[in-house]
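Inside the fold
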Amino acid sequence: MDANDPAPAPRVELTGFGLTNPSAASLVEIDVATAAAAIKDLPSRGGIARGLGRSYGDPAQNGGGHVLRLAPGSIVVDESDHTATVGAGVSIDDLLRVLVPRGYFVPVTPGTRYVTVGGAIASDIHGKNHHLDGSFGTHVTNIRLMLADTTIVEIGPDRDPELFWATVGGMGLTGLMLDATFRLLPIETSRISVDTYRLGSLDEVMTEMVASESDFRYSVAWLDLLATGRHVGRGVLTNGAHATAGQLTAAEAGDPLEYRADQLAVMPPLVPPSGVINKLTVKAFNEMWYRKAPRSRRGELQSIPTYFHPLDLVGHWNRVYGSEGFVQYQFHVPDDAVDVMVSIIHRLAAAQLPIFMTVLKRFGPGNPAPLSFPQSGWQLAIDIGVARRRIGPLLGAFDRMVLDAGGRHYLAKDATMTPETFRRGYPRLAEWQDIRARVDPAGVWASDQSRRLRIT
Ligand SMILES: Cc1cc2nc3c(=O)[nH]c(=O)nc-3n(C[C@H](O)[C@H](O)[C@H](O)COP(=O)(O)OP(=O)(O)OC[C@H]3O[C@@H](n4cnc5c(N)ncnc54)[C@H](O)[C@@H]3O)c2cc1C
């Protein structure tokens, strides 16, 4: 080894946010200047980019190979056309601190602000506004992508659209994104005007969601999966819109674009292996959460972190499930299969599982990306501690119901899918594989997930 050579990358054990399926890889810290050398140095097991590791399973892991972590990079806002060009390693947290005081919001935010722009595009993330605005990739106009042979290409909806759409939702398997340009949403204030409805049954929740979806940019429902009888699937619907300057109080109007995003607490690491989630604690939590919501409240002004990122208030909250971790089961079914969604929710309620994180959303039309998850219809996401192994057969039955209905599961949340489930859910896989073979014939980009699901 030459004295000027960088120190070899440390071998570290990595997991996703669900803390399941750890694997050891060499974690290589890179920036735009050192990326090509790092790619040329990849072992036969290949490499994969990693953002902030907020995917729940193993897409940002590559056991026995290299994992490349890109330094944040710059944020350049172009106010003439309301776009930003941002390093792929920049987080939505960093972005909002720059954008909001300047009167802009990101086109799509997930339920945590600790994701990178690279991760947002690779998973083609959706937010509470999918029914109106689509997913993140829909707002991207340009990506600078470093390919497996280290050439850099610029791609967009009008420039090599096949490779562009294969990269959107492509889970890092077409190349390393260096930066991206995307459209911003101009906002007058940093507040969200929120209407809240406490609804006593699943039917009421779904009916209200459909009735109100065109009136609100943002819409999401939390469901109580431990409620029984005629209250099965009762929940709290929160619809939001960016508040206008005229909606602020005199005190707030002094700094309409004030933005603060603090973390209030950090979950200690010493939670018992099986966690603190059980039927009693979850029943109490769900009852409290449901009762604390007003029956109906209009136009409450909330901050961006309160409305969009409440989970970020507690750092490392994923430790609540214990060291065995947890999985998120997230699926979509088309509108004409609403009965499948209803049936799955009823079966979950009948099983009386300790589930407190239950998110029901409406999706609008999908985009052209072959591996993008969202399509018109309904989506449900639930978190389940993996200690509850008896749920395996139930989820297997749900898989079949979802796939038979023309639905699919989300790669960014997946830790347990089989190659067969994946293939049935993503019927355009062969089309994506042809594009991937064009830009990475030797199979340089690889992850634990890509091997597990045989994506490439
Ligand atoms: C609490 C919580 C709430 C969430 N809510 C939502 C939600 O509402 N909607 C939603 O859609 N998702 C949601 N997610 C999932 C999250 O948005 C995605 O998993 C996202 O991809 C994570 O970004 P990351 O930077 O952590 O990427 P990682 O998890 O590190 O990586 C994800 C994928 O991106 C690829 N990647 C990362 N950077 C690059 C790059 N520079 N070039 C090429 N590929 C790259 C990786 O290879 C990997 O395949 C949530 C996650 C959490 C933990």
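Refer to the structure printed above.
First, a word on scope: everything that follows refers to the structure included in this document.

Cut-offs and rules
- Residues numbered from 1 in each chain as written.
- Predicted model: local features only at pLDDT ≥ 70, side-chain atom pairs only at ≥ 80, totals over all residues.
- Heavy atoms only, no water.
- Patch = residues over 30% accessible without salt bridge, like charges linked within 9 Å, V, L, I, M, F, W, Y side chains within 5 Å.
- Areas by Shrake-Rupley, 256 points an atom, 1.4 Å probe, with all protein chains shown as cover.
- Salt bridge = Lys/Arg side-chain N within 4 Å of Asp/Glu carboxyl O.
- Helix = DSSP H or I, 4+ residues; strand = E, 2+ residues; numbered from the N terminus.
- Pairing = 2+ DSSP bridges.
- Contact = heavy atoms within 4.5 Å.
- Axes fitted to C-alpha atoms, helices over the stretch in contact; angles between N-to-C directions.
- Buried < 20%, exposed > 50% of the residue type's maximum accessible area, 1.4 Å probe, protein only.
- Expected span 1.5 Å × (residues − 1).
- Arc of directions from axis to C-beta.
- Polar contact = N/O pair within 3.5 Å; in protein donor to acceptor, adjacent residues only side chain to side chain.
- Near = heavy atom within 4 Å.

What to know about a nonpolar patch on the surface
On the surface, a cluster of nonpolar side chains totalling about 260 Å² of accessible area is made up of L264, L313 and V314. Residue position: L313 is located in the loop between α9 (304–308) and β17 (314–315).

Re the sheet that holds strand β16 (residues 296–303)
As summarised here, the arrangement of the 8 strands in space is β16-β12-β14-β13-β19-β20-β18-β21, forming an open sheet in which the pairing is antiparallel. Of all strands in the sheet, those with a lone pairing partner are β16 and β21 (408–409), marking the two edges. The strands touched by helix α10 (residues 338–351) are β13 (218–223), β18 (326–333), β19 (358–363) and β20 (377–385); relative to β20, the strand with the most contacts, the crossing angle is about 20 degrees.

Topic: the pattern of salt bridges
Counted by the stated rule, this structure contains 25 salt bridges. Among the salt bridges present, the one from R452 reaches D58, with a minimum N-O distance of 2.8 Å. Of this pair, R452 sits in helix α14 (residues 448–453) while D58 sits in the loop between β3 (47–50) and β4 (66–70), and the two are 394 residues apart along the sequence. If you follow the salt bridges from partner to partner, you end up with D93, R97, R113 and D312 in one network.

A few points about the environment of S376
The residue S376 is located in the loop between β19 and β20 in this model. Under the relative-accessibility criterion, S376 is labelled partly exposed at 31%. Remark: the alpha-carbon pair of S376 and H130, spanning 246 residues in sequence, is separated by 9.2 Å. Ignoring anything within four residues of it in the chain, the contact list for S376 reads H332, V333, P334, D335, F363, G364, P365 and G366.

A word on helix α8 (residues 279–292)
The end-to-end C-alpha separation of α8 is 20 Å, in line with the 20 Å expected for 14 residues at 1.5 Å each. Burial in α8 covers these residues: V282, N286 and Y290. Axial view of α8: buried residues confined to an arc of 60 degrees, hence all on one face. In this structure, α8 carries L280 and K292 as exposed residues pointing more than 90 degrees from its buried face. Considering only its buried residues, α8 is in contact with β12 (191–199), β13 and β14 (235–242).

Focus: the side chain of Q302
Within the secondary structure, Q302 is located in strand β16. For Q302, a relative accessible area of 13% gives the class buried. Within the structure, Q302 has its side chain in polar contact with the side chain of E300 (distance 3.0 Å). If we ignore the near neighbours within four places in the chain, the residues touching Q302 are S190, R191, I192, V194 and Y307.

Comments concerning the site of the ligand
Every one of the 35 residues lining the ligand counts as a neighbour, but A49, G51, R54, T116 and Y410 are closest to it. Taking G51, its main chain carries an N or O atom lying 2.8 Å from an oxygen atom of the ligand. Contact between the ligand and G53: an oxygen atom at 2.9 Å from a main-chain N or O atom of the residue. For the ligand, whose accessible area on its own is 960 Å², the fraction buried by protein is 97%.

Honestly, that's just the spatial picture; any functional story needs more than this.
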